[in-house]
Amino acid sequence: MKNVNDLIESAEELAKRGLSKGEIADELNVSRETASWLVEKSGAKSDTSSASEPRDSSGPHDIHVDWSAFGRDSARLTYAGQAMADLLSKEGEEVDLTIGIEKAGVPLATVVSRELDTDLGSYAPAKHQWEEGDIDELGGSFSRNFATIRGRDCYVVDDTITSGTTMRETIDAIREEGGNPVGCVVLVDKQGVDQIADVPVYALINVVRVGEDG
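Residues numbered from 1 in each chain as written. Predicted model: local features only at pLDDT ≥ 70, side-chain atom pairs only at ≥ 80, totals over all residues. Heavy atoms only, no water.

1. So, the pairing of strand 5 (residues 180-189)
Every regular strand shows the same layout, with side chains that alternate between the two sheet faces.
Line of reasoning, step 1. Across the 10 residues that make up strand 5, a large majority, nine, are buried.
Line of reasoning, step 2. Pairing analysis gives eight bridges linking strand 4 (residues 153-161) to strand 5, with the strands arranged parallel. Opposite D153, over in strand 5, you have N180 as the bridge partner.
Line of reasoning, step 3. For the crossover that starts at strand 4, traverses helix 7 (residues 165-176) and ends in the parallel strand 5, the hand is right-handed.
Line of reasoning, step 4. For strand 5 and strand 7 (residues 199-206), the ladder comprises five bridges, and the chain directions are parallel. When the sheet's bridge partners are listed, C184 is paired in strand 7 with V201. (Buried < 20%, exposed > 50% of the residue type's maximum accessible area, 1.4 Å probe, protein only. Helix = DSSP H or I, 4+ residues; strand = E, 2+ residues; numbered from the N terminus. Pairing = 2+ DSSP bridges. Right-handed = clockwise from strand over helix to strand, strands pointing away.)

Below you can see the structure in the form of structure tokens.
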């Protein structure tokens, strides 16, 4: 994807496939606010828009991350996961569980868990159910098809940090299950944070916005 119009068209396609705005945000690696704006600009859920109207390129301040060059190639994905595992290896000596945040965090977490010799868990965040309204009324869940927390030390893996909300939610969910998150890692951190909820955060790439809005 090269520009905003490409993102709008992708949001329209995903919305027509029935994905929630939270899932669209996840697929496009943008904030929920940006995903909502993209869907509205596409007219995918509105009968009042006209396909002939020009699309305004202005919108929420955000950064779109396209890491499909990794995602579509298993070898590259493995290399990225190995680098992420290396960043995490300095945190904790008794860690035996890696939690991947669905959807994109799970394949990365699979590589990390293999590299660090841990079990693998999967967490589906609340945003996957989100359309409009207060996301705090929704809840995420751990998949029963993967390893359970059982009071263990955990690593947390995702593809991007946009606002930090999903990572914080996952950390809180792990703690509620009696687990102890000792380190988080992502491909790209849009916020440039060192920690979330007192848990160290590592990233292969940190994005810093320079300018009036930075």
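2. Regarding the confidence of the model for the protein chain
Line of reasoning, step 1. Per-residue confidence for the protein chain gives a mean pLDDT of 83, with 83% of residues at or over 70.
Line of reasoning, step 2. Predicted confidence for residues 46-56 stays below pLDDT 50, and this span has nine contacts to residues more than four positions away or in other chains. (pLDDT = per-residue confidence, 0-100. Contact = heavy atoms within 4.5 Å.)

3. Quick notes on the environment of S42
Line of reasoning, step 1. Among the secondary structure elements, S42 is positioned in helix 3 (residues 32-42).
Line of reasoning, step 2. Residues S42 and E9, spaced 33 residues apart in sequence, show a C-alpha to C-alpha distance of 6.5 Å.

4. A few points about helix 2 (residues 21-28)
What sets the pattern is the α-helix's 3.6 residues per turn: residues three or four places apart point alike.
Line of reasoning, step 1. The buried fraction of helix 2 is high, at seven of eight residues.
Line of reasoning, step 2. Listed in full, the buried residues belonging to helix 2 are K21, G22, E23, I24, A25, D26 and L28.
Line of reasoning, step 3. If you follow the buried residues of helix 2, they end up packed against helix 1 (4-16) and helix 3.
Line of reasoning, step 4. Positive phi appears at N29, one or two residues downstream of helix 2, with a value of about 55°.

5. Topic: helix 7
Line of reasoning, step 1. Along its 12 residues, helix 7 runs 16 Å from first to last C-alpha, staying within 8% of the 16 Å computed at 1.5 Å per residue.
Line of reasoning, step 2. All of the buried residues in helix 7 are T166, M167, E169, T170, I171, A173 and I174.
Line of reasoning, step 3. Just downstream of helix 7, G178 is the residue with a positive phi angle, here 90°. (Expected span 1.5 Å × (residues − 1).)

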